[in-house]
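These are the residues of each chain, in order.
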2 protein chains.
Amino acid sequence: MARSVADWRAQKCLGEYRLPGCEVTTGCPSLSIAQAAERGAKSFILGFANSGGHLDERYLPHIIEAIESGMDVVSGLHDKLTNYPELVKKAEIAGVRLIDIRHPALRLSTGTGKKRTGKRLLTVGTDCSVGKMYTSLSLTQAMAEQGRQATFRATGQSGILVAGEGIPIDCVVADFISGAAESLSPDNDPAHWDIIEGQGSLFHPAFAGVSLGLLHGSQPDALAICHALNRSHMRGLPHVPQPSLSATINANLEAARLTNPDVYVAGIAVNTSAVKEDEATAWCRKTSDSFGLPCVDPVRHDVSVLLERL
Amino acid sequence: MARSVADWRAQKCLGEYRLPGCEVTTGCPSLSIAQAAERGAKSFILGFANSGGHLDERYLPHIIEAIESGMDVVSGLHDKLTNYPELVKKAEIAGVRLIDIRHPALRLSTGTGKKRTGKRLLTVGTDCSVGKMYTSLSLTQAMAEQGRQATFRATGQSGILVAGEGIPIDCVVADFISGAAESLSPDNDPAHWDIIEGQGSLFHPAFAGVSLGLLHGSQPDALAICHALNRSHMRGLPHVPQPSLSATINANLEAARLTNPDVYVAGIAVNTSAVKEDEATAWCRKTSDSFGLPCVDPVRHDVSVLLERL
């Protein structure tokens, strides 16, 4: 989550605050909360989102320090900041806001499956955290560079932070998953593309329901299949193997046909960070040949080839 | 919802209260709220559950009358009774409870896909409202009559009313669908069967996400396929055709294998109320032959044949 903002909204990031033991970095300057406040930081973002979205109480003192330094606090967890009376009270005194971006405020309806105008691309994946948001943002940017009308539609806390709006689809009441997805990409110009951030995977035993509801509600014309190299199992579940790319393609196409019989695959986007550049390029070329589809790493390669089939 | 309680907990039902224009009946004596109170009614159940679960404000005066007659009010809607300050105030004054059974109070976790001990049967269907709850209750009763250990596990408001407990699966936060389903049928004796009430359909554009999460979290050993005769389209969606029985069987088996590779179909349960007895029996026989599976209407026939393959 921290990295998403640092990568896609770098101009808005002043620094990062890392606790002892933290092994990752966004590359932003390391600052204490006091230093950040001094330099004018207006928001303190909880830059993590664990499975389950629980807020560990050991973070509370740091959150309080940020509040007392005059910063709004932004959280993408299921546990709401506003459920902690101590935080609410301190925020009130300091005159700052507690912003729980994973909690949709809007009133939702159940899905209808009715066809909407405009075009839609949804990123889907072999697993969670394989680059669906990154691919969606890259594709939106590439379309804009080609002068085409495109809007990134955020469905997770990181995407919402980057876009400034969206629906945290895994946090809506289960009955409304596809209805929420329908409202996220409403009727639009026939030539306009909504590039919708996918979530989870049809093959993840914890999150497949969210993925399916999002797929049905999005009614995608095109799918971008996202994958990450060298993972041995589904995220967080060592006993569950990853599905193959072809199983992922088939399952998503079959399910998507329920609300859009003409759905097709635009291409494959792979996170190749686990291997070297030449290996990555060779892997993508081989995969592209074997599926007859464009295949690139959106970080290392030109993502615009994934737009050719649209 | 009214009918479920009237059918399965008849001894607890004093009467029904029907508004002008209501075209269905539970068969219970028709009573005014005052008459019901006089005869000792302790609870006023909102006996309906529309798609979306909204509470129409035109019902409020009747709810208030029940409250003021000293009854608890039970609702299975998404809209909470406790969100209406007027109802809360009046309930407080009258010393009665507002019970929103569709709102799970428990703290949920995300699914793990880990195998649990004991056996599980899940009812799945071609559509919503095709008899999944009725079939589940019938099967549980038939198992008890055979002296086998079985527990009905409720996942919807009507089932919860009948069972007195359960998890309203379509009302949990989307991220927790399969985690909630896992917690609903925990480890048990190897010979014990949980008979889990299914929800929705993998082919319903609004609710398939709930169905899939419930399927993955339930890890069923056996599926009972539920269907209703003479429906032309999916419930509430005239533009969406119903899936075939074989598509329903294949899609559910394929999806269920993610968390239980050994899943099989126990049989087919059909709501034949739209046709006459002999036609119903002929339809079931033909379907049974064509699929090589037991096929009965749990209302008209002996449901215990669906237990033979367990």
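Residues numbered from 1 in each chain as written. Chains lettered and ligands numbered in written order. Predicted model: local features only at pLDDT ≥ 70, side-chain atom pairs only at ≥ 80, totals over all residues. Heavy atoms only, no water.

## Digging into the pattern of salt bridges
Within the structure shown, the criterion is met by 21 salt bridges over all chains. Across the pair Arg102 of chain B and Asp170 of chain B runs a salt bridge, and its minimum N-O distance is 2.6 Å. Here the residue Arg102 of chain B occupies a position in the loop between β3 (98-100) and β4 (119-125), and Asp170 of chain B occupies one in the loop between α6 (157-163) and α7 (177-184), the gap between them amounting to 68 residues. In this structure, Arg102 of chain B and Asp170 of chain B share a single accessibility class: buried. Each of Arg102 and Asp170 of chain A together with Asp175 of chain B takes part in a single network of salt bridges with overlapping partners. (Salt bridge = Lys/Arg side-chain N within 4 Å of Asp/Glu carboxyl O. Helix = DSSP H or I, 4+ residues; strand = E, 2+ residues; numbered from the N terminus. Buried < 20%, exposed > 50% of the residue type's maximum accessible area, 1.4 Å probe, protein only.)

## Examining the UniProt feature "domain: D-glutamate N-acetyltransferase-like C-terminal" (unreviewed entry) in chain A
Mapped onto this numbering, the UniProt entry gives "domain: D-glutamate N-acetyltransferase-like C-terminal" (unreviewed entry) at residues 110-306 of chain A. Between the end C-alpha atoms of residues 110-306 of chain A the distance is 32 Å, and the span holds 34% helix and 16% strand. (UniProt positions renumbered as here; feature names shortened; annotations may be inferred.)

## Points about the pairing of β4 of chain B
Residues and elements named next belong to chain B. Among the 7 residues in β4, 6 count as buried, and that is most of the element. Both β4 and strand β7 (residues 222-228) contribute to a ladder of 5 bridges, which runs parallel. If you follow Val124 over to β7, its bridge partner there is Ile225. (Pairing = 2+ DSSP bridges.)

## Here we look at the interface of chain B and chain A
Listed by partner, the interface residues are 39 residues for chain B and 39 residues for chain A. Across the chain B to chain A interface the summed buried area is about 2900 Å²; carbon plus sulfur atoms make up 58%. A salt bridge links Arg102 of chain B to Asp175 of chain A; the nearest nitrogen and oxygen atoms lie 3.3 Å apart. Our count for the chain B to chain A interface comes out at 16 residue pairs in polar contact (both at pLDDT 80 or more). Listed by contribution, the elements that provide at least two residues to the side of chain B that touches chain A are α7 and α8 (208-218) of chain B. The element that contributes the greatest number of residues to the side of chain B that touches chain A is α8 of chain B, accounting for 6 residues. In terms of residue class, the side of chain B that touches chain A is built from 18 nonpolar, 15 polar and 6 charged. (Contact = heavy atoms within 4.5 Å. Buried area = accessible area lost by both parts, 1.4 Å probe. Polar contact = N/O pair within 3.5 Å; in protein donor to acceptor, adjacent residues only side chain to side chain. Nonpolar A, V, L, I, M, F, W, Y, C, P; charged D, E, K, R; others polar.)

## A short note on the packing of aromatic side chains
Residues and elements named next belong to chain B. Counted by the stated rule, this structure contains 6 aromatic pairs over all chains. Judged by centre distance (5.2 Å) and plane angle (65°), the rings of Trp8 and Tyr134 are edge-to-face. Linking Trp8 in helix α1 (residues 2-8) with Tyr134 in helix α5 (residues 132-145), this pair joins segments that are 126 residues apart in sequence. The class for Trp8 is buried, based on a relative accessible area of 15%. Seen from their ring centres, Phe48 and Tyr59 are 4.7 Å apart, and the 35° between their planes marks the pair as tilted. Here the residue Phe48 occupies a position in the loop between β1 (43-45) and α3 (60-68), and Tyr59 occupies one in the loop between β1 and α3, the gap between them amounting to 11 residues. Assessed through its relative accessible area of 24%, Phe48 is described here as partly exposed. (Phe/Tyr/Trp six-rings, centres within 6.5 Å; stacked < 30°, edge-to-face > 60°.)

## Things to note about unusual backbone geometry
All names here are of chain A. Residues other than glycine seldom take positive phi values, yet Gln219 does so here, at roughly 50°. Relative to the elements of secondary structure, Gln219 occurs in the loop between α8 (208-218) and β7 (222-228). Given a relative accessible area of 1%, Gln219 falls into the buried group.

## Quick notes on the sheet that holds strand β2 (residues 72-75) of chain B
All names here are of chain B. Spatial ordering of the open sheet is given by β1-β2-β3, a layout of 3 strands whose pairing is parallel. On the outer flanks of this sheet lie β1 and β3, each paired with one strand and no other. Averaged over all neighbouring strand pairs, the angle between strand axes comes to 20°, with direction disregarded. Two strands pair when backbone bridges link them, and β1 and β2 are joined in this way by 3 bridges, in the parallel orientation. Bridging from a neighbouring strand, Phe44 pairs with Val73 of β2. (Axes fitted to C-alpha atoms, helices over the stretch in contact; angles between N-to-C directions.)

## Examining the nonpolar core
Judged by nonpolar contacts, the single largest core of 82 residues is most densely connected at Leu215 of chain A together with Leu215 of chain B. In this structure, Leu215 of chain B is in contact with Leu122, Val124, Leu202, Pro220, Leu223, Asn252, Ala255, Ala256 and Thr259 of chain B, ignoring residues within four places of it in sequence. (Core = buried A, V, L, I, M, F, W, Y, C linked by side-chain atoms within 4.5 Å.)

## Description of the side chain of Asp221 of chain A
All names here are of chain A. Residue position: Asp221 is located in the loop between α8 and β7. A relative accessible area of 10% places Asp221 in the buried class. A polar side-chain atom of Asp221 sits 2.8 Å from the main-chain amide nitrogen of Arg120. Asp221 has contacts with Lys115, Gly118, Lys119, Arg120, Trp193, Asn260, Asp262, Val263 and Tyr264, leaving out every residue within four places of it along the chain.

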